[in-house]
Amino acid sequence: MKVNLKKKLWPLWIFLGAVPGSVLWLFLVNIGYAGEFAGLIAGFGAMAVFRWSGAELKYSRLIIGSVMLSVISVIVNHIAYALDIYNKFSENWFGAAGSKFSFFDASRTVFSDFFIRNAEGLRKFYIEAAVQGILCSLLFWIALFIYYRKVEELESEK
């Protein structure tokens with residue numbers, strides 16, 4: 001891959017770097033643990049792959065990367081809740097009743113019941129998990145961005 005093309009595709013590298021942390025998040029939720037803290041790995045991976053690309057550390061890229069990681073965290077949090085609902089109800093309740101319950105039904109249920117209607121006060125947990133995931137992913141993304149920026153400034157002074 002050409003070096004210039006690799007540098008120009010930096011948003012793609014941020015996304016791909018966040019994938020392992022996102023997959024780990026979903027895995028942890030699936031086995032019953034809080035997955036939001038896998039956002040740390042998403043932020044670390046995003047910065048690692050971003051640095052591998054050789055793209056410049058500009059503050060505009062910090063902001064765009066932060067927005068990207070925030071959106072990824074919100075989406076992964078929603079998928080995690082939808083998977084939890086799907087795994088709990090697809091076979092047990094809906095399978096016994098003879099009707100189908102798809103993942104998309106679970107996703108709509110999470111959005112409408114948790115977020116919109118606040119069924120049983122679950123909106124708080126849904127939003128807290130999303131915020132924790134955002135903060136965890138941004139922790140490494142921003143901290144490593146500042147660190148590498150300072151390292152480059154010190155190296156340029158020599």
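The structure this text deals with has already been given above.
A brief report on the enclosed structure follows. Quantities reported herein were computed from a predicted structural model and do not represent experimental measurements.

Parameters at a glance
- Residues numbered from 1 in each chain as written.
- Predicted model: local features only at pLDDT ≥ 70, side-chain atom pairs only at ≥ 80, totals over all residues.
- Heavy atoms only, no water.
- 1 Å grid on protein atoms, 1.4 Å probe; cavity = no way out; pocket = protein on both sides within 12 Å on 5 of 7 lines; lining within 4 Å.
- Points joined across faces, edges and corners; volume = space filled by probe spheres on them.
- Helix = DSSP H or I, 4+ residues; strand = E, 2+ residues; numbered from the N terminus.
- Buried < 20%, exposed > 50% of the residue type's maximum accessible area, 1.4 Å probe, protein only.
- Contact = heavy atoms within 4.5 Å.
- Salt bridge = Lys/Arg side-chain N within 4 Å of Asp/Glu carboxyl O.
- Axes fitted to C-alpha atoms, helices over the stretch in contact; angles between N-to-C directions.
- Parallel < 35°, antiparallel > 145°, perpendicular 65-115°, else oblique.
- Left-handed = near helix turned anticlockwise from the far one by under 90°.
- Nonpolar A, V, L, I, M, F, W, Y, C, P; charged D, E, K, R; others polar.

### Here we look at the layout of surface pockets
Over the atoms, a rolled probe matching the size of one water molecule traces out where space is still vacant.
Link 1 in the chain: Approximately 180 Å³ is the volume found for the largest pocket.
Link 2 in the chain: Of all the secondary-structure elements, those providing two or more residues to the lining of the largest pocket are α2 (10-30) and α4 (59-89).

### Considering the environment of Gly39
Link 1 in the chain: Positionally, Gly39 belongs in helix α3 (residues 39-53).
Link 2 in the chain: What makes Gly39 buried here is its relative accessible area of 0%.
Link 3 in the chain: Along the primary structure Gly39 and Leu154 are separated by 115 residues, whereas in three dimensions their C-alpha atoms are 29 Å apart.
Link 4 in the chain: Beyond its immediate chain neighbours, meaning those up to four positions away, Gly39 contacts Gly133, Cys136 and Ser137.

### As for the pattern of salt bridges
Link 1 in the chain: Enumeration according to the criterion identifies five salt bridges in this entry.
Link 2 in the chain: Here Glu152 and Arg51 are joined by a salt bridge, their closest N and O atoms 2.9 Å apart. Taken together, the residues Glu152 in helix α7 (residues 123-157) and Arg51 in helix α3 connect sequence positions 101 residues apart.
Link 3 in the chain: For Glu153, the salt bridge goes to Arg149, with nearest N and O atoms at 3.9 Å. Taken together, the residues Glu153 and Arg149, both in helix α7 and four residues apart, mark about one turn of the helix.
Link 4 in the chain: Relative accessible area serves as the criterion here: at 23%, Arg149 is assigned to the partly exposed category.

### Side note on the packing of α4 against helix α6 (residues 103-116)
Link 1 in the chain: It is the contact of α4 with α6, at a shortest axis distance of 8 Å, that shows an interaxial angle of 115°. As far as their axial angle goes, α6 and α4 are roughly perpendicular. Of the two elements, α4 crosses α6, and the hand of that crossing is right-handed. Mapping the contact onto sequence places His78, Ile79, Tyr81, Ala82, Leu83, Ile85 and Tyr86 in α4 and Phe103, Ala106, Ser107, Val110, Phe111 and Phe114 in α6.
Link 2 in the chain: Each residue belonging to the contact of α4 with α6 can be placed in one class, and the counts come to eleven nonpolar, two polar and no charged.

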